[in-house]
Amino acid sequence: MATIIPLWNTSGMTGRADKTSDVYIRHCRITGRSHAVRLRNPCTADRFNNAQITLNNRFGALNRGVAVWYRRITAPDASPEDKAVLEKLQRMLRRQSKYSMVRGLVVAKYASVNDTLDTVTVTIDRYEATVHFAFNARPLA
């Protein structure tokens, strides 16, 4: 991945130049860095093997469950415990530069999905929340 050294404000320069371009620019709002990425030999979903389909299903279910959990803790009627966890996660997010969103931090470090892909458990220190959701897994090839 190439790093772009901006000569002017690049916060508005993101994405591809046109639909046929295989190079896109990504700007991270937290770190202020911009990266130009070239997509080579993309693997399309019709060529996935069973291991890739299984991995995609687990990742999709994990993200779906964390999204449901995040909506619950950011709701106006969230419990005080959920609000405290959200504030703690926001503080943790500001102290690091790898993840740009709370949900990404939770998916990477604190969440796990069960084998049936219908329950996600978020564990942060002594806080533990279990979320049930519906997920339509892609069938294996």
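This text gives an overview of the structure that appears in the document. All figures in this text were calculated on a predicted structure; none of them were measured in a lab.

1. Concerning the sheet that holds strand E7 (residues 127–132)
The antiparallel open sheet is built from three strands, whose spatial order is E5-E6-E7. Single-partner strands in this sheet number two, and they are strand E5 (111–113) and E7. Taking the axes of each pair of neighbouring strands and ignoring which way they run, one obtains an average angle of 20° across the sheet. Against the sheet, helix H1 (residues 50–74) engages E5, strand E6 (119–124) and E7, with an angle of about 115° to E7.

2. Section: helix H3 (residues 102–109)
Residues spaced three or four apart along an α-helix face the same direction, because each turn holds 3.6 residues. Among all positions in H3, only Val102, Leu105, Val106 and Val107 are buried. Buried-residue contacts for H3 involve H1, helix H2 (80–94), E5 and E6.

3. Quick word on the pairing of E6
Across the six residues that make up E6, a large majority, five, are buried. Bridge count for E5 against E6 is three bridges, and the pairing is antiparallel. The residue of E6 that forms the bridge with Ala111 is Val122. Linkage of E5 to E6, two consecutive antiparallel strands, is achieved through a turn of five residues, within which Leu117 is found at a positive phi near 60°. Across six bridges, E6 lies against E7 in antiparallel orientation. Looking at the pairing, Ile124 lines up with Tyr127 of E7. Here E6 hands over to E7 after two residues, with Asp125 in that stretch at a positive phi of 50°.

4. Concerning the packing of aromatic side chains
Under the counting rule described, the total for this entry stands at one aromatic pair. When the centroid spacing of 6.5 Å and the interplanar angle of 55° are considered together, the rings of Trp69 and Tyr127 count as tilted. Residue Trp69 is located in helix H1, and its partner Tyr127 is located in strand E7; the two are separated by 58 residues in the primary sequence.

The rules we used
Residues numbered from 1 in each chain as written. Predicted model: local features only at pLDDT ≥ 70, side-chain atom pairs only at ≥ 80, totals over all residues. Heavy atoms only, no water. Pairing = 2+ DSSP bridges. Helix = DSSP H or I, 4+ residues; strand = E, 2+ residues; numbered from the N terminus. Axes fitted to C-alpha atoms, helices over the stretch in contact; angles between N-to-C directions. Contact = heavy atoms within 4.5 Å. Buried < 20%, exposed > 50% of the residue type's maximum accessible area, 1.4 Å probe, protein only. Phe/Tyr/Trp six-rings, centres within 6.5 Å; stacked < 30°, edge-to-face > 60°.

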